[in-house]
Amino acid sequence: MSRTMVVKMASLVATGALVLGTATAVHAQETKIALGMSGWTGFAPLTLADKAGIFKKNGLDVELKMIPQKDRHLALASKAIQCAATTVETHVAWNTNGVPIVQIFQMDKSYGADGIAVRNDVKGFADLKGKTIAVSAPGTAPYFGLAWMLSKNGMSLKDVKTVSLEPQPAAQAFVSGQNDAAMTYEPYLSTVRANPQAGKILATTIDYPMVMDTVGCAPDWLKANPQAAQALTQSYFDALEMIKTDPAKANEIMGTAVKQTGEAFAKSSAYLRWQDKAANQKFFAGELQQFMKDAAAILLEAGVIRKLPDNYAAMVDDRFIK
């Protein structure tokens, strides 16, 4: 073989190695996603996916940003985040109020994890007329939950006085003797459960099933990053699998994020149901759409939105759960 041919072959090999190396580097790069959420127990599988390396395994570099629900849409509108975990009716409110977001998978349904705490002398919702209730700001799940419960009992927010407090301080204030009632959720609702002398829980989502959480993403980001959206969805399902196969480790990781022991977290999470792929497929097949319409009517009555949505279908993309 001539010297010229040897040089050419070496050059080809080097070029091939360079191409291969570049391809490997590109493949190794993880898609970045900033996702807005809170310390709500139902969002904990996202924390698990982060801390247990599930996101990374699925090719994602996810930054979980703790943002109060009342501000999450602002972060989405400013592109500080691309996706958000929040309740279904909040997705409806954001879309209707000019911040588009598309729901791609369901995370959980509350089964007693959200509720209203009242003083021990309150017998029913009618006794709350004129009373002061601590609740998050309009556009949040607790505010909607309060409006929903009052509506189902022939009342409205006009029949009560509200003071704006986030779920954790609302529960703490109630236990310390402030306000007549508090609308809150786990793990903070357990603060009330642990202090029966302060009051009792009048109703929860067992009585009024209306807290359902989904993850949604900005439509322009979703259009540009369908593979990342698929990986995000799969990471959630992988986290649920870890909860099933290694509950002790999973609960410890999820509990740490909200300053709970694994055992305490397990007790809190018993008040909700995480939704696997089969449950997601069932929910997206019709229940989600009906609930959005029911929720919109309550949001309109509560003044959170000024008109009913024009297009519910634009708020949902079910291709990632199939």
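What counts and how
Residues numbered from 1 in each chain as written. Predicted model: local features only at pLDDT ≥ 70, side-chain atom pairs only at ≥ 80, totals over all residues. Heavy atoms only, no water. UniProt positions renumbered as here; feature names shortened; annotations may be inferred. Helix = DSSP H or I, 4+ residues; strand = E, 2+ residues; numbered from the N terminus. Areas by Shrake-Rupley, 256 points an atom, 1.4 Å probe, with all protein chains shown as cover. Pairing = 2+ DSSP bridges. Axes fitted to C-alpha atoms, helices over the stretch in contact; angles between N-to-C directions. Contact = heavy atoms within 4.5 Å. Phe/Tyr/Trp six-rings, centres within 6.5 Å; stacked < 30°, edge-to-face > 60°. Lys NZ or Arg CZ within 6 Å of the ring centre and 35° of its normal.

- As recorded in an unreviewed UniProt entry, the protein goes by NitT/TauT family transport system substrate-binding protein and comes from Paracidovorax wautersii.
- Per UniProt, the comment on the protein under Subcellular location (unreviewed entry) is "Periplasm".
- Regarding the protein, the relevant UniProt record gives this comment under Sequence similarities (unreviewed entry): "Belongs to the bacterial solute-binding protein SsuA/TauA family."

### Observations regarding the overall build of the protein
Item 1. The helix and strand tally for the protein stands at 13 helices and eleven strands.
Item 2. C-alpha atoms of the protein, sized along the principal axes, occupy 100 × 45 × 30 Å.
Item 3. Here the protein displays about 14,900 Å² of accessible surface, and carbon together with sulfur accounts for 55% of that area.

### Things to note about the sheet that holds strand S9 (residues 200-204)
Item 1. With respect to topology, five strands assemble into an open sheet ordered S7-S6-S8-S5-S9, the strand pairing being mixed. On the outer flanks of this sheet lie strand S7 (161-164) and S9, each paired with one strand and no other. The mean inter-strand angle of the sheet, taken between neighbouring strand axes irrespective of direction, is 30°.
Item 2. The sheet contact formed by strand S5 (residues 114-118) and S9 spans four bridges and is antiparallel. Along S9, the bridge assignment pairs Ile-116 with Ala-203.
Item 3. Contacts from helix H7 (residues 167-175) reach S5, strand S6 (132-135) and strand S8 (181-185) within the one sheet, and its direction differs from that of S8 by about 140°.

### Notes on the packing of aromatic side chains
Item 1. Summed over all chains, the structure comprises ten aromatic pairs.
Item 2. For the pair Phe-105 and Tyr-236, a centre-to-centre distance of 5.1 Å together with 25° between the ring planes defines the contact as stacked. With Phe-105 in strand S4 (residues 102-110) and Tyr-236 in helix H10 (residues 226-245), this residue pair connects regions lying 131 residues apart in the sequence.
Item 3. A connected cluster of aromatic rings, assembled from ring pairs, spans Trp-40, Tyr-185 and Tyr-188.
Item 4. Over the aromatic face of Phe-174 sits the side chain of Arg-119, whose NZ or CZ is 3.8 Å from the ring centroid.

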